[in-house]
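One letter stands for each residue in the lines below.
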Amino acid sequence: MERRITGGKILAFIGSAALLVAVLHPFLWLLAAAFKPEQEFMKYPPTVFASHYTFDSFAKVWDSIPLLDFFKNTVIFSVGVMILSVFLDSMAGYAFARMKFKGNKTLFTLVLVTMMIPFQVLMIPLFVEVFKLGMLDTYWGLIIPRAASAFGIYLMRSFFISLPKDLEESGRIDGLSEFQIYRKIMLPLCNSSMITLGIFHLMNNWNDLLYPLMLTSSTEMRTLSAGLAMFVGQRNIEYGPTLAASLLALLPLLVVYVFAQRFFVQGVATSGLKG
Amino acid sequence: MTKSFKNALRVWNRPDRAAYLFIAPALAILFLFTVVPLLATLVISTLDMDVFLQVKGFVGFDHFSALFRDERLLDAALHTIYFAGVEVPLQIALALLIAVYVSKNTRFRKFLRSVYFVPSICSFTAIGILASFLLDPQTGVYPNYLTHLGLPRLEFFRDPTWAMPSVILLTVWRSFGYSMIILVAGIQSIPDSYYEAAQLDGASKPRQFFSITVPMLMPALSFTVITTMIAALQVFDQIFVTTQGGPLNKTETIVGYIYNTGFQMAPYDLGYASAISVMLFVLIMAITLVMNQYFLRKESDMA
C-alpha cells in the first residue's frame, strides 16, 4: 500500500491530538490543584499552576472527612464482590458450558434475560429486602446482592465452551470428583478470563454510586464514591482537601489500569460482543 | 467420613446432578436479588409505604393514575429525554469517528486508545467533583478561558439553560472511550480483504466507511447504541454530584426524582417511588424493543 500524507490524515491527526489534550487536561489540572495551597483557589484570574506546592491538602484531608473509612469500605466491598462473584460466576458458567442437565438452555436464557433489567427498577425493593434481612449498612448487605452476576456467568460460559472437548475425561479416568475436575483441570486454564471478569467487577463496584448510597446509611459505612458525593453535597470542606480526596480515590484504579490495561479493555470489549 | 456422606457424594457426583450444585449458588443470588425485587416493585407500587417500611394501606393503582397528573414527573421525564436524545448521538458519533481512526494497531493509535479510555475507569463522583471545580463561574479555569476567547462568561452548572448541556458534555467526555473500545473490537474483526477489494474498485475512504465499516459493524454498533441509551435513561450519578437536579430543577431526571421521592423528601414515599420506577422500566423496555427491531431490520437490509 502506498503511504501518502493527505489532508484527511492531517485533519485526523490534529483532531485526535486535540481530543487527547481535552481528555488529559482535567487530570493534569487535578494533579497540580491537589498540591496547591488553599488560598490559591481564591485567586483571580484562576490559574492551572500555583506559585508553590505543598502537601497541606493531603495532610488535612484525613481530619476533614473519614477518608480512611471510605477506603476501607470500598476495598472490602469491591474486592469482596470481585472474589465471590468470579468464583460463583465461573462455577455456574462452567456448568452451563460443559455439563448436560435438564433445563440447561432454559435456565441460561433466564440468566440472560435478567441482564436486561435495569438496576434502578430494582433499587427500592432491594433496599427493603436488605433491610428486612437485617443487613442494611453492613458489608454483607453490600456484597451478597452482587455476589453473582449474569454478565459474569455469560462471560465464563463463553470461555469454557471454547475449550477442547473431552478435557474432563482424563479427570474422570483418574477418579476425580466433578468439583475437582473443575478446580484442578478447568480453572487453571481460565486465569485470564477470570482476571478480566474480576477487573470488570472491581471497576464497576469501586465506582458505583447509587447502590452503596442506598444500602449504607451511616457515614462510617460509606464507600469512596458515596461518601465523597455526600461531602461535596454539603460543601463544608475546603477546596484543597476535596481535590486531594478525589485524586486519592481515583489513584488505585488508575494504577491497576497501568499494569493490567489489557484486562480492562477485554472486559468492556466482551460486553459488546454479546449483542 | 460417614457412610451416608460418602453415599451422598457419589449420588451427587454424576455430571447431570452435580451441575445443579454448580449453578445453585449463583442462581440463588440472581433469584433473590434480581427476580424477587422485580416482582416486589410491582407489589410495593400498589402500597402506601414509606422509607421506614411503615405500610399504611393498599392503594391499588392510585399511584399509577397519580403519575399522569404529576407535573414534576413530567418535567423530569422531559429532562431525561433531552439528556438521552442529545447525549447518546454525540457519544456514539464521537466514539465511531475515533474508533475508525484508532483501530489500526500503530504505536501512536494504541496510545490514543489507552488514554481515551481513562475517563471511563474513573467514578462519576470524582469526575463530577473535578468538573464542578473546573467549570465554577468564579474560580474555574474553563469559564476563564472562554472569556479570553472573547466569549461570554458561562455559568455552566449554575445556569438553568446551560446546566443540562454541561452535564451532557461531562458525560460524553467520560464515556466516549467506553463505546470506542467496543467499536474498535468490532472494526478489528472486519476482514482486511473487504477493504482491499474496495480499494481495487476505486472506492474512496468515506465510501468504504459507509459501505463496509458501518454495515459490518452493525451488531456492535446497535449494541452500543442500545446500552448507551439504557444508561442515559437512567442517568443519575453525574447529576447527583454536580447540580443535584438544580438549578430550578432543570436537571432533575426520572431516577433523580425516584431517589428524591423515596429517600430525600418527606413523606419518603417508597410506594409512589416504586410506581415511577415501574413506569421507567416500561419506558426503557419499549425503547429497547423498538430500537432492537429497527437495528434487526437494518442488519437484514444490509446483509
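Each value, and the rule that gives it
- Note that residues are indexed from 1 along each chain, following the sequence as it is written.
- To read the labels, note that chains go from A and ligands from 1, taken in the order they are written.
- Given that the model is predicted, a residue must reach a pLDDT of at least 70 before its local features are reported, and side-chain atom pairs must reach 80 or more before they are shown or counted; all residues, however, enter totals for whole chains, interfaces and linings.
- With hydrogens and water stripped out, all remaining heavy atoms of the structure feed into the side-chain values.
- UniProt positions are given in the numbering used here, feature names are shortened, and annotations may be inferred rather than shown by experiment.
- To qualify as a helix, a DSSP run of H or I must reach at least 4 residues; to qualify as a strand, a run of E must reach at least 2; elements of each kind are numbered from the N terminus.
- We call two residues in contact when some of their heavy atoms are within 4.5 Å.
- Buried surface area refers to the total accessible area, computed with a probe of radius 1.4 Å, that the two partners give up upon joining, counted for both partners together.
- Here, a salt bridge means any side-chain nitrogen of Lys or Arg that lies within 4 Å of a carboxyl oxygen of Asp or Glu.
- Whenever a nitrogen or oxygen atom comes within 3.5 Å of another N or O atom, the pair is scored as a polar contact, on the condition that within protein one atom can donate a hydrogen and the other can accept it, and that pairs from neighbouring residues in sequence are kept only if both atoms are in side chains.
- Polarity classes work like this: nonpolar for Ala, Val, Leu, Ile, Met, Phe, Trp, Tyr, Cys and Pro, charged for Asp, Glu, Lys and Arg, and polar for all others, with Gly in that last group.
- When DSSP finds two or more bridges between a pair of strands, those strands are recorded as paired.
- The pairing test for Phe, Tyr and Trp rings, Trp by its six-membered ring, is centres within 6.5 Å, and the orientation test on the planes gives stacked under 30 degrees, edge-to-face over 60, and tilted for anything in between.
- Think of it in three bands: residues with accessible area under 20% of the maximum for their type are buried, residues over 50% are exposed, and the middle band is partly exposed, with areas taken using a 1.4 Å probe on protein chains only.

## Examining the UniProt feature "transmembrane region" (unreviewed entry) in chain B
Residue and element names in this part refer to chain B. Following the UniProt record, the feature "transmembrane region" (unreviewed entry) maps to residues 20-44, 81-102, 114-135, 162-188, 209-233 and 272-296 here. Taken end to end, residues 162-188 comprises 96% helix and 0% strand; its first and last C-alpha atoms sit 38 Å apart. As annotated, residues 209-233 has a helix share of 100% and a strand share of 0%, and its two end C-alpha atoms lie 30 Å apart.

## Some thoughts on the interface of chain B and chain A
Taken together, the contacts link 85 residues of chain B with 94 residues of chain A. Carbon and sulfur atoms supply 78% of the area buried between chain B and chain A, which totals about 7900 Å² over both sides. When residues of chain B are sorted by the area they lose upon contact with chain A, Phe-22, Phe-33 and Ile-121 of chain B head the list and together hold 10% of the total. Counting every contact that joins chain B to chain A gives 0 salt bridges. Inspection of the chain B/chain A interface yields 10 residue pairs in polar contact (both at pLDDT 80 or more). Broken down by element, the residue count for the side of chain B that touches chain A peaks at 23 residues, all from helix H2 (residues 15-44) of chain B. For the side of chain B that touches chain A, the class distribution of residues is 64 nonpolar, 17 polar and 4 charged.

## With respect to the pairing of strand S2 (residues 55-58) of chain B
Residues and elements named next belong to chain B. Pairing geometry for strand S1 (residues 47-49) and S2, over 3 bridges, is antiparallel. Bridging from a neighbouring strand, Met-49 pairs with Val-55 of S2. Linking S1 to S2, which pair antiparallel, is a turn of 5 residues; within it Leu-53 sits at a positive phi near 65°.

## Examining the packing of aromatic side chains
For the structure shown, the criterion picks out 37 aromatic pairs over all chains. Where Phe-71 of chain A meets Trp-206 of chain A, the ring centres are 6.5 Å apart and the plane angle is 65°; that geometry is what we call edge-to-face. Of this pair, Phe-71 of chain A sits in helix H3 (residues 67-98) while Trp-206 of chain A sits in helix H10 (residues 191-207), placing them 135 residues apart in sequence. Residue class for Trp-206 of chain A comes out buried when judged on its relative accessible area of 8%. Between the aromatic rings of Tyr-142 of chain B and Tyr-145 of chain B, the centroid separation amounts to 5.9 Å while the plane-to-plane angle is 35°, which identifies the pairing as tilted.

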